[in-house]
Amino acid sequence: MNRADLSKQPHEVSAMFDDVAPRYDLVNDILSLGRARGWRRVVAEAVAAVPGERVLDLAAGTGTSSEPYADAGVEVVAADLSLGMLEVGRARRPDIEFVQADATQLPFADASFDAVTISFGLRNIQGHRRALAEMLRVTRPGGRLVICEFSTPALAPLRTVYTEYLMKALPGIAARTSSNPAAYQYLAESIAAWPDQEELAAQILETGWEGVQYRNLTGGIVAVHRAVKPGPAR
């Protein structure tokens with residue numbers, strides 16, 4: 001298929017991820033130079049879910065990001081638009097509930113989760129502000145939002161090196177390791193076009209969340225944003 005452009009049509013993005021699903025986790029580990037697992041640990045710590053709580057993990061793909069919650073005895077729903085990703089996840093972790101879902105029209109009741117998290121998926125959503133509003137709707141008052149996404153390196157020299165890696169090295173590595181190298185060219189361009197840390201924090205506030213904070217990882221190549229839904233904590 002042709003590379004999905006930055007208009008992020010849902011069917012194009014979904015088909016793109018269907019195509020790369022079988023080797024997605026392996027390729028991610030290679031392209032992130034082994035950092036992806038550490039980033040996932042930081043996200044799980046920020047979500048801070050405990051047994052008895054219910055977590056929605058959006059853009060969960062094959063469920064790798066959902067595993068820490070399930071392994072800790074937390075009820076987790078792994079949601080993704082790509083059926084190919086979900087099929088790989090269900091085969092690998094039948095103990096986790098996988099649901100096909102459009103993040104801008106979530107098939108869940110109001111206030112049905114204690115926490116919602118999304119890692120490396122928000123920038124792939126057409127109308128990501130609508131998705132932020134939907135996450136707010138399905139989170140209980142006092143519940144948490146945690147977003148992990150590629151961002152803007154804090155230091156100019158690192159920004160230069162990172163941009164070179166995104167636009168030149170990453171597609172080359174993907175060509176040797178992925179079944180759909182064009183998908184990773186799209187991912188590189190979507191990262192470069194994504195808002196920086198402060199702009200994303202402002203967008204989260206604008207959709208109704210409060211107490212927005214963020215933490216830079218790997219010099220700001222990745223940022224983890226955390227927010228709370230207004231209302232008394234349970």
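Residues numbered from 1 in each chain as written. Predicted model: local features only at pLDDT ≥ 70, side-chain atom pairs only at ≥ 80, totals over all residues. Heavy atoms only, no water.

Draft legend 1. Seen up close, the packing of aromatic side chains. For the structure on display, the rule yields 4 aromatic pairs. Here the aromatic rings of tryptophan 39 and phenylalanine 150 are separated by 6.0 Å at their centres, their planes lie at 90°, and the arrangement is edge-to-face. You can see tryptophan 39 sitting in helix 3 (residues 36–47) and its partner phenylalanine 150 sitting in strand 5 (residues 139–150), a full 111 residues away along the chain. Under the relative-accessibility criterion, tryptophan 39 is labelled buried at 8%. On the basis of an interplanar angle of 40° and a centroid distance of 4.6 Å, the ring pair of phenylalanine 120 and phenylalanine 150 is categorised as tilted. Of this pair, phenylalanine 120 sits in the loop between strand 4 (113–119) and helix 6 (128–138) while phenylalanine 150 is found in strand 5, placing the two residues 30 residues apart along the sequence. Each of the two residues, phenylalanine 120 as well as phenylalanine 150, counts as buried. Grouped by ring-pair contacts, the aromatic residues Trp39, Phe120 and Phe150 constitute a single cluster. (Phe/Tyr/Trp six-rings, centres within 6.5 Å; stacked < 30°, edge-to-face > 60°. Helix = DSSP H or I, 4+ residues; strand = E, 2+ residues; numbered from the N terminus. Buried < 20%, exposed > 50% of the residue type's maximum accessible area, 1.4 Å probe, protein only.)

Draft legend 2. Looking closely at the nonpolar core. Ranked by size, the top nonpolar core spans 27 residues in total, and within it Trp39, Val43, Val47, Tyr69, Phe150, Val222 and Val224 carry the most contacts. A total of 7 residues in this core trace back to one element, the largest contributor, which is helix 3. Dropping the residues within four chain positions of it, valine 47 is found in contact with Val55, Tyr69, Ala115, Thr117, Arg144 and Val146. Core analysis: the next-biggest nonpolar cluster, separate from the first, contains 26 residues, Ala79, Val99, Ile118 and Leu145 among them. (Core = buried A, V, L, I, M, F, W, Y, C linked by side-chain atoms within 4.5 Å. Contact = heavy atoms within 4.5 Å.)

Draft legend 3. The pairing of strand 3 (residues 97–100), seen in detail. Bridge count between strand 2 (residues 75–80) and strand 3: 4 bridges; the pairing is parallel. By the bridge assignment for strand 3, aspartate 80 is matched with glutamine 100. Taking the sense of rotation as the criterion, the β-α-β connection linking strand 2, helix 5 (residues 83–92) and strand 3 turns out right-handed. (Pairing = 2+ DSSP bridges. Right-handed = clockwise from strand over helix to strand, strands pointing away.)

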